[in-house]
Amino acid sequence: MRNLEDIKQALANTQHLVVFTGAGVSAESGVPTFRDALTGLWENFDPEALATPEAFEQDPAFVWGWYEWRRKLLLKVQPNPAHLAIVELAKRVPKFTLITQNVDDLHERAGSTDVLHLHGSLFTPRCFDCGNAYQFTAAPQHSVEQAITPPQCVSCSGYIRPGVVWFGESLPEAEFKTAFEAAQSCDLLLSIGTSGAVYPAAQIPEIAVRNNATVVHVNPQKIPTTLKKEYSLQGAAGEILPLLL
Ligand code: OAD
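To keep things clear, this report deals only with the structure shown in the data block.

How each quantity is defined
- Residues numbered from 1 in each chain as written.
- Predicted model: local features only at pLDDT ≥ 70, side-chain atom pairs only at ≥ 80, totals over all residues.
- Heavy atoms only, no water.
- 1 Å grid on protein atoms, 1.4 Å probe; cavity = no way out; pocket = protein on both sides within 12 Å on 5 of 7 lines; lining within 4 Å.
- Points joined across faces, edges and corners; volume = space filled by probe spheres on them.
- Nonpolar A, V, L, I, M, F, W, Y, C, P; charged D, E, K, R; others polar.
- Helix = DSSP H or I, 4+ residues; strand = E, 2+ residues; numbered from the N terminus.
- Buried < 20%, exposed > 50% of the residue type's maximum accessible area, 1.4 Å probe, protein only.
- Contact = heavy atoms within 4.5 Å.
- Patch = residues over 30% accessible without salt bridge, like charges linked within 9 Å, V, L, I, M, F, W, Y side chains within 5 Å.
- Areas by Shrake-Rupley, 256 points an atom, 1.4 Å probe, with all protein chains shown as cover.
- Salt bridge = Lys/Arg side-chain N within 4 Å of Asp/Glu carboxyl O.
- Lys, Arg positive; Asp, Glu negative; His and termini not counted.
- Charge placed at Lys NZ, Arg CZ, Asp CG, Glu CD.
- Near = heavy atom within 4 Å.
- Polar contact = N/O pair within 3.5 Å; in protein donor to acceptor, adjacent residues only side chain to side chain.
- Pairing = 2+ DSSP bridges.
- Expected span 1.5 Å × (residues − 1).
- Core = buried A, V, L, I, M, F, W, Y, C linked by side-chain atoms within 4.5 Å.
- Phe/Tyr/Trp six-rings, centres within 6.5 Å; stacked < 30°, edge-to-face > 60°.
- Lys NZ or Arg CZ within 6 Å of the ring centre and 35° of its normal.

Concerning empty space enclosed by the protein
To find the voids left in a structure, one rolls a probe of water-molecule size over its atoms.
Line of reasoning, step 1. Under the definition given, this model contains one cavity of 30 Å³ or more.
Line of reasoning, step 2. Estimated volume of the largest cavity: approximately 30 Å³.
Line of reasoning, step 3. Taken together, Trp64, Tyr67, Glu68, Arg71, Leu122, Phe136 and Pro162 form the lining of the largest cavity.
Line of reasoning, step 4. Grouping the amino acids of the lining of the largest cavity by side-chain chemistry returns five nonpolar, no polar and two charged.

Some thoughts on the layout of surface pockets
Line of reasoning, step 1. Considered as a void within the structure, the second largest pocket measures approximately 300 Å³ in volume.
Line of reasoning, step 2. Around the second largest pocket, the lining is made up of 17 residues, and of these Pro205, Glu206, His217, Ile223 and Glu230 lie nearest the centre.
Line of reasoning, step 3. Contributing elements (two or more residues each) for the lining of the second largest pocket: helix H10 (203-210) and strand S7 (214-219).
Line of reasoning, step 4. Classifying every residue of the lining of the second largest pocket gives eight nonpolar, seven polar and two charged.

Here we look at H10
Line of reasoning, step 1. Buried residues of H10: Ile204, Pro205, Ile207, Ala208 and Val209, and no others.
Line of reasoning, step 2. Contacts from the buried residues of H10 go to strand S1 (16-21), strand S2 (95-100), helix H9 (173-185), strand S6 (188-192), S7 and strand S8 (230-234).
Line of reasoning, step 3. Just downstream of H10, Asn212 is the residue with a positive phi angle, here 70°.

Looking at a negative patch on the surface
Line of reasoning, step 1. Taken together, Asp46, Glu48, Glu54, Glu57 and Asp129 make up a surface patch of like negative charges.
Line of reasoning, step 2. By the element assignment, Glu57 lies in helix H5 (residues 53-58).

Description of the site of the ligand
Line of reasoning, step 1. Every one of the 23 residues lining the ligand counts as a neighbour, but Phe34, Arg35, Thr194, Ser195 and Asn219 are closest to it.
Line of reasoning, step 2. Between the ligand and Trp42 there is a distance of 2.9 Å, counted from an oxygen atom to a side-chain nitrogen or oxygen.
Line of reasoning, step 3. When the ligand is considered free in solution it has 790 Å² of accessible area, and contact with the protein chains removes 92% of it.
Line of reasoning, step 4. Residue composition of the shell around the ligand, grouped by class: 10 nonpolar, 10 polar and three charged.

Structural notes on the pairing of S6
Line of reasoning, step 1. Burial analysis of S6 places five of its five residues in the buried class, which makes it a mostly covered element.
Line of reasoning, step 2. What you see with S6 is no split at all: Leu188, Leu190 and Ile192 on one side and Leu189 and Ser191 on the other are buried throughout.
Line of reasoning, step 3. As defined by bridge partners, S1 adjoins S6 across five bridges and the pair is classed as parallel. The residue of S6 that forms the bridge with Val18 is Leu189.

Here we look at helix H6 (residues 60-75)
Line of reasoning, step 1. Counted at 1.5 Å a residue, the expected span for H6 with its 16 residues is 22 Å, and the 22 Å between its end C-alpha atoms agrees.
Line of reasoning, step 2. Most of H6 is tucked away: 12 of the 16 residues are buried.
Line of reasoning, step 3. Along H6, the residues classified as buried are Pro60, Ala61, Val63, Trp64, Gly65, Trp66, Tyr67, Glu68, Trp69, Arg70, Arg71 and Leu74.
Line of reasoning, step 4. Buried residues along H6 sit against helix H3 (41-44), helix H4 (47-50), H5, helix H8 (106-110) and strand S5 (160-161).

Let's talk about the nonpolar core
Line of reasoning, step 1. In terms of nonpolar packing, the biggest core is built from 25 residues, with Leu190, Ile192 and Leu241 touching the most fellow members.
Line of reasoning, step 2. Mapped by element, the contributors of at least two residues to this core are helix H1 (2-13), S1, helix H7 (81-91), S6, S7, S8 and helix H11 (237-243).
Line of reasoning, step 3. Beyond its immediate chain neighbours, meaning those up to four positions away, Leu190 contacts Leu17, Val18, Val19, Phe20, Leu89, Val216, Leu241 and Leu244.
Line of reasoning, step 4. The next biggest cluster of nonpolar side chains, apart from the first, holds 19 residues, and it includes Ile99, Leu118, Ala201 and Val209.

What to know about the packing of aromatic side chains
Line of reasoning, step 1. In total, this model carries 13 aromatic pairs according to the counting rule given.
Line of reasoning, step 2. Ring geometry for Trp42 and Trp66: centres 5.5 Å apart, planes at 20°, overall stacked. In this pair, Trp42 sits in helix H3 while Trp66 sits in helix H6, placing the two residues 24 residues apart along the sequence.
Line of reasoning, step 3. The buried category is assigned to Trp42, whose relative accessible area is 17%.
Line of reasoning, step 4. Ring geometry for Trp66 against Trp69: centres 6.3 Å apart, planes inclined by 40°, an arrangement best described as tilted. Residue Trp66 and its partner Trp69 are both found in helix H6; the two are separated by three residues, about one turn of the helix. Considered together, Trp66 and Trp69 belong to a single accessibility category, that of buried residues.
Line of reasoning, step 5. When the ring centre of Phe136 is taken as origin, the NZ or CZ atom of Arg71, which lies over that ring, is 3.3 Å away.
Line of reasoning, step 6. When the ring centre of Trp166 is taken as reference, the NZ or CZ atom of Arg161 above it lies at 3.9 Å.

See the structure below:
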């Protein structure tokens, strides 16, 4: 594979590698993506009813129950070879930045540190009203259909909400700034398992392309490439990434 040789060369020479991940990097762990046909979460659930502040205000138990179901799923799965390969890649380059759109903790469980979570995390709930952090006390025990009244904030009695970024909300400022600066200054960016459908996160590979970095898309779908230094490696992340090591 000629592309693979070019990319390995770019990896050997990189001064600053950025890895940008989406739901596809966790797919082989058994975590559903959002937009894959049949299995994607947004193929089966309505994002308007689950991933907006208005949805939470309208039916907090339905929304909290759905996110608790997702958190419960995560407690049962493990990082896959793609997460592990990313940990290895980080050790081999002078400067490394890991940016994820994922709200799971599989990068951290694989051993990655300083992960920039652009869309928040299922493990950092907070009060909907005052923003106070909330500590989970027990693993959730329920099925997808089950609505659960959210716990209440100890300071203001507001409902606790998931620590994820919903549609219509801003990205966390510090993560956003660091991620965009990294996209501007890196010389190599691997964009792994994302449909590129959600902005502003989807700008990250675009910024790197504009700044003349080499950009590699890893996805079972063929990603259209426009420039000489942009590559598409077609396949599952857990199979492709170990080939780069
Ligand atoms: P999507 O579900 O939109 O896209 C997942 C991508 O992963 C698709 O391009 C798939 O082809 C690809 N994919 C599937 N299996 C794969 C595998 N084994 N290896 C590599 N790639 C694979 O997920 P995201 O792009 O992450 O927002 O979605 C972006 C945002 O939309 C999410 O962060 C979420 C959602 O609404 C929030 O939670 C705020």
